[in-house]
Amino acid sequence: MSALLRSARLLKFSPSGLLRITGTNRTGASLARLYSGALGVRRTTACYPQIRPDSGNVCSRVWPYAVGCVRNYAITKEKDEASVGVLSKQAESFDRALTKLDNSVRRTGRITKTLLLRIFHATCRTGYPSGNQALLLLRSCGSLLAEVPLKERTDLAHRIWDKLEQLGTKYDVSHYNALLKAYLQNDFKFSPTDFLAKMEAANVQPNRVTYQRLIAAYCQNGHIEGASTILGFMKTRGLPITEAVFNSLITGHARAGDMEGAKNILSVMQGAGIEPGPDTYLSLLNIYAEKGDLDSLQETLKEAESAYCSLMDKDIMQIIFTLAKAEHQQHIPEMIKHLKQEMGYIPDAMNLCLSLITEGLEDTAFQILKTFPKNEDFETGNFFLKHCIAMDTSLEKIVSYCKYLQESNLHSAPFTFTLYCALELKKTEVCVELMKVFKEHDLPIRTHYFWPLLTQHVKDNNIAGMLEVVKDMRDLGVAPDIDTLYNYIFPLFPDVEAAVKALKDVGIPLESEGILTAEIRSMAVNNLAKLYARMSDPSFPQLDINNFRNSLIKGFRRFDDVELMAKITELLYKDERFSKENLKPTITASSFLYSLIENVVEEGVQVPKDKLQQYLNQLQTKNIIISRKIYRDIQNLLLFHHLPELAEDLKALEESGDQSAIPVAATPRNNRTGSIVLEKKLAELKADNKPIRSVVKHIIHSLCAEENLQHALEVKKQHEDEMTQGSYATLINLCCRHNNVEEALNLKREMSHKDSSAVLDISKYLALVRVLSKNGKVEEAVDILKEMKEKEVVLNNNHISTLFHILNTLVANGGIPAIKRLQDAIFTLGLAKPSKNLCSPLINAYLDSNDLSGAIEAALDCQKRYSQLPQIHNIIVALMEKGDTELLQKAMDIVSQERGEMSMLYDLFFAFLETGRYNEARKIIETPGLRAKPGRLQWYAEQCISKKQLETMEQMVDMTNKLFGCDRDEMYFYILRICKETNNWQKAEAVWTKMEEENVIPRERTQRLLGEILKDNVPFEVPKTWYEEDGTPQEVESAPSTTAAKDWNQYQAKVFHQCKKGKATKAYRLLKEADKNGVVLGSAIYDQVIRTLLSKGFVESAMEVKDIAVSHVPSFTLSDTANSLLMITHSKKGRTQEAFETMKSMLQADLVPMPLSVTRLVQALGSQGDMAGIQKVESLMKDLGTPLNLSKMLFINNMTLAHINRDDLESAVELLEAFYTSPDSVDNSMSYVFRRILADDNDKALDKLSAMAERLANHFGCYRPISDLFIQLLDMDKVDDAKFLLDRCNALAEQKEVLKSYMCEKAQTPGQVGKIKTLLSMIPDFAEKEMVHSYLMKCHSLDNDLLSAKALYDLMQKEGTVDELSLKRLAMLYRNAGESVPFTEPPNSFAFYIEKLKEKVAEDKMTADK
């Protein structure tokens, strides 16, 4: 995270392939990391120095701080600022901001103003910016803003300073130093003496860094006298004079005209025991560059090289920048020759170009751009052209740059990109001039190029401005098209005629069709009556509906005149003028109806059902019929959006299959008379010798609806040749409902005989299976299941649930063989995956027949064959009730072997509770090492709630009091739910008392439920949210108290409310006030306040609250959570001994620390290099009866870091090698170690560990360490280093699980798709394309990037890797963008497809393991 502060010197590859930096014996100051604590003392005011001429003697400003200024720092303790606690919102906000800025710097070497302002505004919105956030923002206002002019950078720094100070940020010396740094980087002229005066007024003491930067400020202006005064002061106080000071003096002497003095500084440095380093030579080179002394430049470069101070490309770029600013451009080509184009050259060169353009030196910047290596996949110059536009570079220069880029094949379309940038930045004049250049070069000028220029005029209702743009269009030979007229011109005028007249006045030729279309669109949106009158006019010309379809839909949605809407639809239905050639108007109207309904129901808001219903009825009265295909599409759409009533109304518009069809409107709605009318119609058609198939079908359907099976079978027998597949299916379903198994089977055989390819609906297949199995025809039922498999019938969750009910109906009849046969067939055929639900009917059948031995054998068989262990709870309960200890032991052995000992203990616990053996249950749950399993506890609690077993539930809650990780509020909530069900308010009141005794802080839902129970039964009003009360603490104090209980309730509620909001200081003050007034609060509230204070890092205040609590409640002790937070706070502050003692006292009191608290303690010990401390903690954890869920590598990784921090690298390597060469440790990750040493830039440690990782891979086949290093390099954007490592160890590409895990992690966070693509570019032959594409689609979904998602979808289609979850995500992107989904969206929820994907991955893993 320190990339924003440290020098950006590039790292070189050594022959060993490990990153190194050549060390020097310089004594320069170490650069502070961004995330540093605020140093200094408290003060009342602070402001940045004002610009004014330097005056006064600097000595008068220096001497007041003469005493103790070297190390006179104090850690600021600001209780208004949360800087330590694990729940600190400021820390979270700071981490997010730091990550964003750091990623930008790592990727590009700069920060954009937009990003910085976004973070600044987000910080201000919190209302309580921290000192660290202020420091981060101020440090970003210097050279990192390469695209921002110097003055604007300084103004931004001042703006940030003022605003954050206004919001209550307390500034210390680090903030003033950051402001100084920004001044220096921005060449801001200020008075150092005034700056010191401002610090003095704010009671902030300057430190060594302050003095160094003030010297730099004096030297920057050639003011050697002021610099010498501070320098003399530093010497008298014994402050170290570092290389940075000497570098500043070189600049100062040179700018004062004393070049000899500047050169002599090197001798002075050597005399002081400081060897000149690259920065010293760079300072000297820069002053020669300012003078334009090329010979001295060349000579000094040679001297630096001979002194082994090799300059990096970035240093040479600084010299080039200095030459350009000093107007010595003639020497720049010589300096360009010294550029080696090392790793990281491109981002550094880009930043140089941006800085040069910002300074108005774009020609020099273009010289640098020409040095960029050619890359066919990279459009060279995008950033350059965009910044030229932003900085108002002359158009002639921009055009010349574009020509060169195009002619040199560096950019495929530089003119188009430049125009895009100008449009984006709203540079109207530049846009128009560029389009004239387009015309000169015969480049196409599109109408939509002008839309961004017109947008603002439309918003401002600026007709004159719009007409000026239209004139430019005219001059360029571009006529406004339909969309331009409709969206950007007509809205500015009262009517179309006025718009046309205005356009003609400025000489715009308009096509009549374009004007007509735009006019119709406008009418469709604003005036349907006028639209209908215009369209129904016989003289209205031909106009395709597609030209105004969307506008007409908007109008229909906007207005409620259903009759008028129906008339317009009728016009579309009958009039050919609104249809394409060779397309019937009926199809046009049907298609429009689909588009209209789709638009309405897909909007995601409340669907106007009544309006649509009236509209469909109006269409029916006008005899409008839609094609069957579109009817089915609309019906599916309505049913998918749960609108069955509208689907029913839509039936009236369905097109009949043949001429014999009966119009729906003419068919009586009454089922009893419907079949009679149809049979009369059948007789008439037979008499006229007309087709009757359709009527026969309707008769069968009508009789089935009337449940008249006998008559339906007679009609079928009379007209067997006219029977359709649908008629057979309906009859089969009716037979199944009437349990007429023989007739159903015969009908199925007849249908298959007529058409062997005929496929029934899934529900009808399942109805056949149900009736056949119920009537003992199991083999026939199996045959139906086989047919379902052959015809590829796919079952969803509802169908699988139906299968369960089919199997369950056989339980009561003792149909064990039938259930087993059907179950085997279902699983063998693959119609459904084995599950506990589908396996349970077989076990229930054994239990129902009291065959417990058979139940156990069946459960064991399910476990062996399907990895499912169904109904084990009921089996164990039955065995306990019967007292069969032998079988019970067998069942327990099965559970322990298959599920593990913990699951076996829970099964025993629940069984003992169920059978009322509470003592045995208590012994089980108190087993050492047993942890809470929320899912299991919830399952049994729901069982108790459904059976209203209050006593059993109470016993379980009481027994789990000491269970590690048990959510006590959740457990009590279950009891209250039973109290609510049984209306037992007395028990609820007792539960509330019990919660207070146990120090349980209730959640809001628990409070509300308790309030509802008491409100219904107790004659007083319970507040809706008991902790929310009006008034301030002062009002509480002054208000007359009627009872002590009222005071207690008020304080209790207010303190808890402040804790809930994270307001630790306010909660603390309220608690102190209550204590002063003699009000004793509950133990739970005291503990809650302590936890809130600790989460903010206020240890002393928390301990004071503990003393108050103990004085009122002698038995009061800190809870597990409070003690754990105390450990975390001590660890964060570096007080590892206190944290360790807290942990020891917890363990002695049988309290279990949180895993996070132990982790933080071990990490703090590792940072301090305390090996003995880590070993003590490890020993305590091994002796702990309850094993914590700690990382397997916690102690190994931090012992390694402890060795590293003690500079004992050999021991660190030995420890890791011993660990990874042991048999069972190859898959454990050491990513944390690599992440820390990379973040700390500890290249020496990186060298050693990298060599070790390669050795483990090459000689022991252990690839986890080198995989971890590869992933960390990739994650920290050290792409070239990662590529180099991959080249050295090709086997990295085979570490699929590590790579998949990394991709899965990146796919959880927006903006990470680039890292996955980078990985794939390194390993292009990654085999599991389907999984990769799924992760990429998730990334695009998180980023809301429809364009990239579309491209990925095309690729997935080509490679056959499309999955339902990806389709679901892509459909969501389409809807979010307001576009229609061009494919059938999978109907189920995201959760369904995620679970399905997980199951597939698990299956693939099992297959691979086999």
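Cut-offs used in this document
Residues numbered from 1 in each chain as written. Predicted model: local features only at pLDDT ≥ 70, side-chain atom pairs only at ≥ 80, totals over all residues. Heavy atoms only, no water. Helix = DSSP H or I, 4+ residues; strand = E, 2+ residues; numbered from the N terminus. Buried < 20%, exposed > 50% of the residue type's maximum accessible area, 1.4 Å probe, protein only. pLDDT = per-residue confidence, 0-100. Contact = heavy atoms within 4.5 Å. Core = buried A, V, L, I, M, F, W, Y, C linked by side-chain atoms within 4.5 Å. Axes fitted to C-alpha atoms, helices over the stretch in contact; angles between N-to-C directions. Parallel < 35°, antiparallel > 145°, perpendicular 65-115°, else oblique. Left-handed = near helix turned anticlockwise from the far one by under 90°.

Peer 1: Pulling in residues and values, what's your account of the environment of A1391?
Peer 2: With respect to the element layout, A1391 can be found in helix α74 (residues 1390–1409). Between the alpha carbons of A1391 and L1365 there is a distance of 9.2 Å; along the sequence they are 26 residues apart.

Peer 1: A description of unusual backbone geometry should follow, citing residues and the corresponding values.
Peer 2: With a phi close to 55°, D187 is a non-glycine residue in the positive phi region. With respect to the helices, strands and loops of the structure, D187 is situated in the loop between α6 (173–185) and α7 (192–201). The residue K426 is not glycine, and still its phi comes out positive at about 60°. Positionally, K426 belongs in the loop between α20 (414–424) and α21 (428–440). By relative accessible area, K426 is classed as exposed at 60%.

Peer 1: Tell me what's going on with the confidence of the model for the chain, and back it up with residues and numbers.
Peer 2: Confidence along the chain averages 78 in pLDDT terms, with 84% of residues attaining 70 or more. Within the chain, helix α5 (residues 150–166) carries the highest mean pLDDT (91), whereas strand β2 (residues 19–20) carries the lowest (26). This model gives residues 657–673 a pLDDT under 50, and the stretch forms 21 contacts once residues within four places in sequence are excluded. Per-residue pLDDT stays below 50 along residues 1019–1046; that stretch engages in 29 contacts with residues further than four places along the chain or on separate chains.

Peer 1: A description of the nonpolar core should follow, citing residues and the corresponding values.
Peer 2: F384 and F450 are the most contacted members of the largest nonpolar core, which totals 152 residues. Broken down by element, this core gets its largest block of residues, eight residues, from helix α16 (residues 345–358). Membership of the second largest hydrophobic core comes to 129 residues, among which are A859, L950, V957 and Y974.

Peer 1: Please set out the packing of helix α61 (residues 1155–1167) against helix α63 (residues 1194–1205) residue by residue, giving values where relevant.
Peer 2: Where α61 meets α63, the closest approach of the two axes is 7 Å, and the angle between their N-to-C directions is 20°. Overall, the two elements α61 and α63 adopt an arrangement that is roughly parallel. Crossing handedness for the pair α61 and α63: right-handed. For the pair α61 and α63, contact is made by T1159, V1162, Q1163, G1166 and S1167 and by L1194, F1195, N1198, L1201, A1202 and N1205, respectively.

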